Amino acid sequence: MIRNYILVALRNLRKHKFFTFISITGLSIGISCAILISVYILNELRYDTFNSKADRIYRVISFVKFGGTEAFYTGSPPPIAEVLRNEIPGIEEAGRFRPWGMFLVKSGQKHYKEFKGIYADPDIFNIFSIDLINGNSAALSDPNALFLSESAAKKYFSDKDPMGEELIINGEQPYIVKGVYRDIPSASHFHFDMMLAMSGLDESKTDEWLSNTYITYILLKKDVDTAGLQKKINELYYRYSEPQAIAFMGKTIDQLFKEGTFVEEVLQPLLQIHLHSDIEAEFEANGDIRYIYIFSAAVVLIMLLAVINFVNLSTVISSERTREVGIRRIMGSEKRYLVLQFLAESVIVTLIAVIIGVLLAQSLTPYFNLLSGKSLELPYSNTQFWITILSGGVLIGCMSGVYPALVLSSFKPVAMLSGKISKGNRGRKVRSFLVVFQFTVSTILIIGTITVYRQMNYIRNFKPGYLKEQVITIDVAGMPAENAIQFKNEVLKDKTFLAGTVSGFFPVANSLRNNNTFWKKGNRTPGASVNMQIWAVDKDYIKTMGMKIISGRDFSAGIPGDSAAIILNERAARRFDFDNPVGQEIQVYEGAFDSTMSEDLIRTMHIIGVVADFNWESLHENIGSLGMSLARSGEKVAFRFEPAKTNHAVKKIERAWQQINPGYPLDYTFLDKDYAQMYESENRTGRIISSFAIIAVVIACLGLFALASYVVEQRSKEIGIRKVMGASGSNIILILSREFTWLVIIAIMIAIPVSIVGIHLWLKSFVYKQPPGILHFIAVGAGVLILGLLTVAIQSYRAASADPADSVKTE
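Residues numbered from 1 in each chain as written. Predicted model: local features only at pLDDT ≥ 70, side-chain atom pairs only at ≥ 80, totals over all residues. Heavy atoms only, no water.

Asker: Would you take a moment to explain the sheet that holds strand S14 (residues 471-475) for this structure?
Answerer: For sheets, the rule is that strands pair by backbone hydrogen bonds, running either parallel or antiparallel. Read across the open sheet, the 4 strands follow the order S15-S23-S14-S24; overall the sheet is antiparallel. In the strand order of this sheet, the two ends are held by strand S15 (497-503) and strand S24 (668-670), each with one partner. Between one strand axis and the next, the sheet turns through 20 degrees on average, direction left out of account. Sheet analysis places S15 next to strand S23 (residues 636-641), joined by 6 bridges and oriented antiparallel. (Pairing = 2+ DSSP bridges. Helix = DSSP H or I, 4+ residues; strand = E, 2+ residues; numbered from the N terminus. Axes fitted to C-alpha atoms, helices over the stretch in contact; angles between N-to-C directions.)

In structure tokens, the structure reads:
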């Protein structure tokens, strides 16, 4: 019986080669997309799950409402880890990381720049499942110890055993390799190649409770109530921090709370960090759960489009088989066997499509990795992958074949053989609905693509308040300050360079950031305080960055008093509520935030200018309060150079570097590229959505093309008679296109309001945005309509240009 089903199925598939080809093509494309996006989604969802205790690991983050700001920070106070471990029974382990930017590493006679280095407590190895190859985690408690990843060990020592070897960090301090661990899995929210002993960092021993500079993780014991635990953590935090709050602000915690000023320590589950966390000072750029929802919806929609094609064409083909079914029924075939026959044919087609879809997904994987920025591979060795793929194919086949199977098997044999059942009319409404659905989805995806493109184009051309073009930044971290200044002066001898500055603070991602609280002179109360960024710059910073002074003046090397000067942005000037900020004085505490705060460490700064607001975070954020002061911050040197002289500028920088820092690696980048990097996630999303849109349109047009072919075939005699009666080719095309035109128009009318809602939801995350206008919706609608008409017109033209004698001479 099964053999007979398969033979009949293959015979029918050969008989309808064209429709079979369209069905398999659409399904294969849909399945390949579903495989790729599913692998991507699963990769995103399994971030940090490699940790065996992941469900019990939490990050202690800080929510701060103070000085006009309200924000979450990844950092927490330096002493909180030890206090929590010792005083709260529900906490099994606690450990800290301390980010430090770039480390200059000397191995033998070679110098390296290590951008993935961090200070770490040894307890980190008891919290996370970081696999040690050599050494013991307790060895990281030695002040001069460091651990290397397997990749870093090979980079610094090649095939030599790194254990016990020495590395010189930042040109002065020797560290001994006392551990090697396997590379941290790619699906982790942090990746460190070098961990230095926290005990060797003096500041890690500080008792500052009003500072949030350490990233703290805790491992809870089983079945601990996290809500109750968080309450206990904050009770401890307030107990330890209150003396320092009184010393700093002159008020108790309760008094500050009543005034709306407070800090709260919040437990953030490890498994929520990658997709649900977008706060200041993340280790790496995280994902976004919204995009997981978008991609999941896209997978479902693409598969629906492919299945719709299959259902539409199955009903078309099945309408040609009424007589076959009638004869089978008269010959005694039971209804259930007829249903099984149609389901078998449907499943065979889907399994063929599955095989082609897997091969197509494999061939598209490199391209998809470029789109997504991942390094994904299809899990061929995973049995569950194949079970899911094959069972999914069978399920799709059954779902796609059940409608025509049940419809045809329900007809009476006499009606089938007598011709009382008109071909193609049964299921016409269903096919029309499915065509509308296909073009609705296609239109929504096209509008989504245009929206993302417009927003990204808006961001690229947005004037952020500084000139990001023709600026090159060179990493000089670890270089002596005198060398950085000498390097800057040497480069500026070339007239190609218009200005240069030494600073670690730039208005792009992966730059230094430094928060502090300032207040009006003599008024250290929350109401007169402003929490703001304070950037250390030199006298040429504002000129190099192309910023605009709107009040007062810039820094000047000839004015000694500028060492105590500050330039505010407009936002900060408004927050201090000065009628005229220039000439006013503000104060800041520059010592340790402990209970012995000394008044001698309060620094008074006079405002000499106000710079026009500029976007120093991404366009997702409002402009915050910011001040700039003259101070050394030798992370980078930036140069502005003349347009169209990039190659010359780079060559000059390379020569000057070799002259001043021979043997040290040169790392440089361009400011506009760093700016664009802040929106790489959105760019990737746009590329993926545009690919979806193209695929959706292709699938929809394939289905429409096949349906149009069927309609033309069914109406061939009518077309022939109309031509004999004098109808022109254009009349024939118009008549055949009319029905499909209305379906596409209905789809467009549905898609536009749905798209408007989706656009609003996506753009909500941007403070600065540019939604598409009404003309863009009209243009997309017109484009989709024209595309649909062209698809139908191709087949209509064939019918209109055929010889009418061929279609009317015989039945």
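Anyway, onward from the coordinates.
Asker: Just checking my understanding: could you explain the packing of helix H3 (residues 80-87) against helix H6 (residues 226-249) for this structure?
Answerer: Think of two packed helices as two axes; the pair is described by the angle between the axes and how far apart they sit. It is at 11 Å that the axes of H3 and H6 come closest, and there the two elements cross at 125 degrees. Classified by the angle their axes make, H3 and H6 are oblique. Crossing angle aside, the handedness with which H3 passes H6 is right-handed. On H6, the residues that touch Val83, Leu84 and Glu87 of H3 are Ile233, Leu236, Arg239 and Tyr240. Among the residues forming the contact of H3 with H6, the class breakdown is 5 nonpolar, no polar and 2 charged. (Parallel < 35°, antiparallel > 145°, perpendicular 65-115°, else oblique. Left-handed = near helix turned anticlockwise from the far one by under 90°. Contact = heavy atoms within 4.5 Å. Nonpolar A, V, L, I, M, F, W, Y, C, P; charged D, E, K, R; others polar.)

Asker: Any chance you could explain the pairing of strand S12 (residues 215-220) here in plain terms?
Answerer: Looking along a regular strand, one sees side chains alternate from face to face of the sheet. When you tally the buried positions in S12, you get 6 out of 6 residues, the bulk of the element. The alternating pattern of S12 places Ile215, Tyr217 and Leu219 on one face and Thr216, Ile218 and Leu220 on the opposite face, and all of these are buried. Two strands pair when backbone bridges link them, and strand S1 (residues 57-66) and S12 are joined in this way by 4 bridges, in the antiparallel orientation. Paired with Tyr58 across the strands is Ile218, a residue of S12. Relative to S12, strand S3 (residues 91-99) is paired through 6 bridges, and the arrangement is antiparallel. Within S12, the position partnered with Gly95 by the bridge is Tyr217. (Buried < 20%, exposed > 50% of the residue type's maximum accessible area, 1.4 Å probe, protein only.)

Asker: Would you take a moment to explain the nonpolar core for this structure?
Answerer: Soluble, globular proteins show a tendency: their nonpolar side chains are buried together. Core analysis: the biggest nonpolar cluster contains 99 residues, and Ile35, Trp535, Tyr541, Met547, Phe614, Met628 and Tyr675 have the highest contact counts within it. If one sorts the elements of this core by residue count, helix H9 (residues 289-319) sits on top with 14 residues. In this structure, Val64, Ile80, Trp519 and Ile602 belong to the second largest nonpolar core, which totals 30 residues. (Core = buried A, V, L, I, M, F, W, Y, C linked by side-chain atoms within 4.5 Å.)

Asker: Help me out: how do you make sense of a nonpolar patch on the surface in this one?
Answerer: On the surface, a nonpolar cluster with roughly 270 Å² of combined accessible area is contributed by Tyr380, Trp386 and Leu390. Take Trp386: it is sitting in helix H12 (residues 383-410). Classification of Trp386 as partly exposed rests on a relative accessible area of 32%. (Patch = residues over 30% accessible without salt bridge, like charges linked within 9 Å, V, L, I, M, F, W, Y side chains within 5 Å. Areas by Shrake-Rupley, 256 points an atom, 1.4 Å probe, with all protein chains shown as cover. Salt bridge = Lys/Arg side-chain N within 4 Å of Asp/Glu carboxyl O.)

Asker: Looking at this model, I keep getting lost on unusual backbone geometry. Mind explaining?
Answerer: Residues apart from glycine generally show negative phi values, whereas peptide bonds are mostly found in trans. Phi angles above zero are rare outside glycine, and Ser158 is one such case at about 55 degrees. Within the fold, Ser158 resides in the loop between helix H5 (150-157) and strand S9 (166-169). Positive phi values are uncommon outside glycine, yet Asp223 reaches one of about 60 degrees.

Asker: What's the story with H5 in this structure? I'm lost.
Answerer: What sets the pattern is the α-helix's 3.6 residues per turn: residues three or four places apart point alike. Listed as buried for H5 are Ala152, Ala153, Tyr156 and Phe157. Summarising the axial view, the buried residues of H5 lie within an arc of 105 degrees, below the 170-degree limit, and thus occupy one face. The elements touched by buried residues of H5 are strand S4 (103-107), strand S5 (110-114), strand S8 (145-149), S9, strand S10 (173-181) and strand S11 (194-197). Immediately downstream of H5, the backbone of Ser158 shows phi near 55 degrees, a positive value. (Arc of directions from axis to C-beta.)

Asker: Would you mind going over the pattern of salt bridges with me for this structure?
Answerer: Opposite charge on two side chains lets them pair, provided their charged atoms get close. Under the definition given, this model contains 27 salt bridges. In this structure, Arg85 engages Asp123 in a salt bridge whose closest nitrogen and oxygen atoms are separated by 3.6 Å. Of this pair, Arg85 sits in helix H3 while Asp123 is found in the loop between strand S6 (117-120) and helix H4 (124-127), placing the two residues 38 residues apart along the sequence. Through salt bridges with shared partners, a single network forms among Lys488, Asp538, Lys539 and Asp540.

Asker: Can you walk me through the side chain of Asn51 in this structure?
Answerer: Here Asn51 is to be found in the loop between helix H2 (17-45) and S1. Looking at Asn51, the relative accessible area reads 3%, which means it is buried. Within the local environment of Asn51, its side chain forms a polar contact with the backbone nitrogen of Ser129, the two atoms lying 2.9 Å apart. Once residues within four sequence positions are removed from consideration, Asn51 is found in contact with Ile57, Phe128, Ser129 and Leu270. (Polar contact = N/O pair within 3.5 Å; in protein donor to acceptor, adjacent residues only side chain to side chain.)

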